[in-house]
Amino acid sequence: MSTLWSAPDPRRAAAPPGAVRAPYAAPYAVAAPAHPTLRHDAFAGVLAAVVTVLVGAPVGLLWAALAPTVDVVVDGDQVQLVEPGSSAFIATDGFFLIAVALAGVVGGVLAWRLAHPHGPAVVVGLTLGGLAAAYVAMVVGEQVGLAEVKQAVQAGQQGALELTVQLRAHEAIVGWPVGALVGYAAASLLRGR
């Protein structure tokens, strides 16, 4: 009795899962996945921090546009609140926290999508950049409408004006880096990495 079966050729063995084949390599040759160097990792981390800080000013303007304002009365060289016990102060802090946390989550997901092969430098860049971006957002948002009030005081005008409230809960600044880390971790877990 003869059999037509022969042992399988080891060169034709299936490639391991996740391996990348070189496009013009020998048949069944598997190319090793490329790992970024330490220099590329550091560059990706710095780039993540810089881009995050640049987004801080638009988020601050968005916060100032959406947050509630308070009415002030200009009387000579003094500015007084119409309603000192207004809930706008608490709402302003809440709007800031929501704005920076959402910006952080979006930034974390985008950073994972664009830089997930890189090492922990991206996460460090997101954290430090998020703290700086939240500070920039706070400073930019607090300046909206402030120039009009200063001009009214200097000109000696009297009357009512609207003013954006300053951030009182400075702890809300950590909302951006926490949101970024949550977004990065969620994207990483959802993709099974």
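Residues numbered from 1 in each chain as written. Predicted model: local features only at pLDDT ≥ 70, side-chain atom pairs only at ≥ 80, totals over all residues. Heavy atoms only, no water.

Visitor: Would you mind going over the overall build of the protein with me for this structure?
Guide: Within the protein, the regular secondary structure consists of five helices and five strands. The N-to-C order of helical and strand elements in the protein reads β-β-α-β-β-α-α-α-β-α. The long-range share in the protein, meaning contacts at least 24 apart out of those at least 6 apart in sequence, stands at 78%. Put simply, the protein shows about 12500 Å² of open surface, and 66% of that area lies on carbon and sulfur atoms. (Helix = DSSP H or I, 4+ residues; strand = E, 2+ residues; numbered from the N terminus. Contact = heavy atoms within 4.5 Å. Areas by Shrake-Rupley, 256 points an atom, 1.4 Å probe, with all protein chains shown as cover.)

Visitor: Mind showing me how you'd approach the layout of surface pockets here?
Guide: Remark: the empty space left among the atoms is shown by a probe the size of a water molecule rolled over them. By volume, the largest pocket is sized at about 370 Å³. Lining the largest pocket are 16 residues, and of these A48, V51, G107, L110 and A111 lie nearest its centre. Going through the elements one at a time, α1 (38-66) and α2 (88-115) are the ones with two or more residues in the lining of the largest pocket. Per-element accounting of the lining of the largest pocket gives the leading share, seven residues, to α2. Of the residues in the lining of the largest pocket, the class split is 13 nonpolar, three polar and no charged. (1 Å grid on protein atoms, 1.4 Å probe; cavity = no way out; pocket = protein on both sides within 12 Å on 5 of 7 lines; lining within 4 Å. Points joined across faces, edges and corners; volume = space filled by probe spheres on them. Nonpolar A, V, L, I, M, F, W, Y, C, P; charged D, E, K, R; others polar.)

Visitor: So what exactly am I meant to see when it comes to the nonpolar core here?
Guide: The tendency in soluble globular proteins is for nonpolar side chains to be buried side by side. Residues V59, F96, V100 and W176 are the most contacted members of the largest nonpolar core, which totals 15 residues. When residues of this core are traced back to their parent elements, those giving at least two are α1, α2 and α3 (121-143). Core analysis: the second largest hydrophobic core is formed by ten residues, A48, A115, L126 and A187 among them. (Core = buried A, V, L, I, M, F, W, Y, C linked by side-chain atoms within 4.5 Å. Buried < 20%, exposed > 50% of the residue type's maximum accessible area, 1.4 Å probe, protein only.)

Visitor: So what exactly am I meant to see when it comes to α1 here?
Guide: An α-helical segment advances 3.6 residues per turn. Residues three or four places apart therefore align on the same side. Along its 29 residues, α1 runs 42 Å from first to last C-alpha, staying within 8% of the 42 Å computed at 1.5 Å per residue. The sharpest bend along α1 measures roughly 25° and falls at A57, with the proline P58 sitting one to four residues further on. Those residues of α1 that sit buried are D41, A44, G45, A48, A49, T52, G56, V59, G60, W63 and A64. (Expected span 1.5 Å × (residues − 1). Bend = angle between axes of the 7 residues up to and from the residue.)

Visitor: Got a minute to help me understand the packing of α3 against helix α5 (residues 175-190) in this structure?
Guide: Think of two packed helices as two axes; the pair is described by the angle between the axes and how far apart they sit. Remark: α3 packs on α5, axes separated minimally by 7 Å, with the N-to-C direction vectors making an angle of 150°. Taken together, the axes of α3 and α5 are roughly antiparallel relative to one another. Viewed along their axes, α3 and α5 form a crossing whose handedness is right-handed. Residues V122, V123, L126, T127, G130, L131, A133 and A134 of α3 pack against W176, P177, A180, L181 and Y184 of α5. Of the residues contributing to the contact of α3 with α5, the split by class is eleven nonpolar, two polar and no charged. (Axes fitted to C-alpha atoms, helices over the stretch in contact; angles between N-to-C directions. Parallel < 35°, antiparallel > 145°, perpendicular 65-115°, else oblique. Left-handed = near helix turned anticlockwise from the far one by under 90°.)

Visitor: Would you take a moment to explain a nonpolar patch on the surface for this structure?
Guide: On the surface, V105, V109, V124, L128, L131, V174, V178 and V182 cluster together into a nonpolar patch covering about 630 Å² of accessible area. If you list the elements that add at least two residues to the nonpolar patch, you get α2, α3 and α5. It is α3 that contributes the most residues to the nonpolar patch, three residues altogether. By the secondary structure assignment, V182 is in helix α5. (Patch = residues over 30% accessible without salt bridge, like charges linked within 9 Å, V, L, I, M, F, W, Y side chains within 5 Å. Salt bridge = Lys/Arg side-chain N within 4 Å of Asp/Glu carboxyl O.)

Visitor: What is the right way to read α5 from this model?
Guide: Here α5 spans 22 Å end to end across 16 residues, near enough to the 22 Å set by a 1.5 Å rise per residue. Within α5, burial applies to G175, W176, P177, G179, A180, G183, Y184, A187 and S188. The elements touched by buried residues of α5 are α1, α2 and α3.

Any functional reading would require information that these geometric values do not contain.
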